[in-house]
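Here is how the chains run, residue by residue.
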Amino acid sequence: MTVHGSFPGSRPRRLRVNPVMRRMVAETRLHPADLILPAFVREGISAPVPISTMPGVVQHTLDTLRKAAVDAASAGVSGIMLFGVPEDAKKDATGTAGTDPDGILQAGIRAVRSEVGDDLVVMSDLCLDEFTDHGHCGVLDAEGRVDNDATLERYAEMAQVQADAGVHVVGPSGMMDGQVGVVRDALDTIGREDVSILAYTAKYSSAFYGPFREAVGSSLKGDRKTYQQDPANLRESLRELALDLDEGADMVMVKPALPYLDVLARIAAEVDVPLAAYQISGEYAMVEAAAEKGWIDRDAAILETLTGVKRAGANMILTYWATEAANKLSR
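As a starting point, this report considers the structure included with it. Keep in mind the model is a prediction, meaning the values are calculated, not measured.

**Description of the pattern of salt bridges**
- Tallied over the entire structure, the rule returns 18 salt bridges.
- Across the salt bridge formed by Asp250 and Arg184, the nearest N and O atoms sit 3.7 Å from each other. Of the two residues, Asp250 is situated in the loop between α7 (235-247) and β8 (251-255) and Arg184 in helix α5 (residues 179-189); the sequence distance between them amounts to 66 residues.
- Relative accessible area serves as the criterion here: at 31%, Asp250 is assigned to the partly exposed category.
- Residue Arg184 is classed as buried on the basis of its relative accessible area, which comes to 11%.
- Because the salt bridges share partners, they merge into one network encompassing Glu288, Arg298, Asp299, Glu324 and Lys328.

Now the structure itself:
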């Protein structure tokens, strides 16, 4: 240890003396452009429906979805990720409402594009779970197991109808083997080389998805452990990453975010494409519930969690706080 004059000789606290100093030397900077807003649009409703497990989040009508998109764009948010919630009567074994050109997700895409044009990157969830009567992310075989290759055929159809509706980016989220390559081929076949793919590269079978099931009106029985990743595994994520990049992914994602910051950091060290992280419903609900109890400072916790995800290596963060956080960051 070197002593200069008095002990201690090194005083890191000098760089923390006031807010301006701390801002100047900050190593990680969170910006509104880093944020993407996930949003739910529901068929057959005339007013937004609050999601009880996600205070402040709603299932939108087409009209309120348009307003949410405008608000996000005005706040400087970069993107919106859309999830469709069909009427229960339209769910079936193969999720045909998901490939109906006039289905609720495609209607939502068209509504947002017509409202904000290219002011937001319009993204869409490419998965069957919202549209199947069994709630799984794919087509089931005779034994009740998710049939990987039959599901890929449905994903190809979904990609094409979403592209026709005007989406900028599709997000295949079902964790089927080969999904990125099949979606890329399907898009290129109809001349939509301009539509990007955000690959759900490391999507873990997580206990934190609970509130999302309410948000999309899930019909799921059982679990998704045969296709979503085991929370115990990291090397498996690197294998999935290599496959997605080889198949043509333009961007990759880790989901959930906070319980998997080590995975996020490891993938960040490996990739030269944009990396997203999804701060999921359970992460949101924990903060909101603790804040409602008065146990934590809500606003500080929101920005701290987002900063942690950014510090771990995410270029973009999908968060239900996107618009609110963007407004806070702009002050």
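**Some remarks on the state of the cysteines**
- Counted by the stated rule, this structure contains zero disulfides.
- For Cys127, which is in no disulfide, the shortest distance to another cysteine sulfur is to Cys137 and amounts to 3.4 Å.
- Look at Cys127 and you get buried, because its relative accessible area is 1%.

**Considerations on the packing of aromatic side chains**
- Evaluation of the coordinates by the stated rule reveals six aromatic pairs.
- Ring centres of Phe40 and Phe83 lie 5.5 Å apart, and the angle between their planes is 35°; on these two criteria the pair is classed as tilted. With Phe40 in strand β1 (residues 35-42) and Phe83 in strand β4 (residues 79-85), this residue pair connects regions lying 43 residues apart in the sequence. You'll find Phe40 and Phe83 in the same group, each marked buried.
- Connected via pairs of aromatic rings, a cluster forms that spans Phe40, Phe83, Tyr278, Tyr284, Tyr320 and Trp321.
- Above the plane of the ring of Tyr278 lies Lys255, whose end atom (NZ or CZ) is 4.2 Å from the centre.

**Brief notes about the packing of helix α4 (residues 148-165) against α5**
- One can describe the packing of α4 onto α5 by two numbers: an axis separation of 8 Å at closest approach and a directional angle of 45°. Accordingly, the angle class assigned to the pair α4 and α5 is oblique. Remark: the crossing between α4 and α5 carries right-handed chirality. Contacts between α4 and α5 involve Leu152, Tyr155, Ala156, Ala159, Gln160 and Ala163 from the first element and Gln179, Val182, Val183, Ala186, Leu187 and Thr189 from the second.
- Of the residues belonging to the contact of α4 with α5, the class tally is nine nonpolar, three polar and no charged.

**As for helix α8 (residues 261-268)**
- Inspection of α8 places Val263, Leu264 and Ile267 among the buried residues, and these make up the whole buried set. For α8, the arc enclosing every buried residue in end-on projection is 100°, short of the 170-degree limit, so these residues lie on one face.

Reading the values: rules and limits
Residues numbered from 1 in each chain as written. Predicted model: local features only at pLDDT ≥ 70, side-chain atom pairs only at ≥ 80, totals over all residues. Heavy atoms only, no water. Salt bridge = Lys/Arg side-chain N within 4 Å of Asp/Glu carboxyl O. Helix = DSSP H or I, 4+ residues; strand = E, 2+ residues; numbered from the N terminus. Buried < 20%, exposed > 50% of the residue type's maximum accessible area, 1.4 Å probe, protein only. Disulfide = S-S within 2.5 Å. Phe/Tyr/Trp six-rings, centres within 6.5 Å; stacked < 30°, edge-to-face > 60°. Lys NZ or Arg CZ within 6 Å of the ring centre and 35° of its normal. Axes fitted to C-alpha atoms, helices over the stretch in contact; angles between N-to-C directions. Parallel < 35°, antiparallel > 145°, perpendicular 65-115°, else oblique. Left-handed = near helix turned anticlockwise from the far one by under 90°. Contact = heavy atoms within 4.5 Å. Nonpolar A, V, L, I, M, F, W, Y, C, P; charged D, E, K, R; others polar. Arc of directions from axis to C-beta.

The quantities given are spatial measurements derived from coordinates; they are silent on function.
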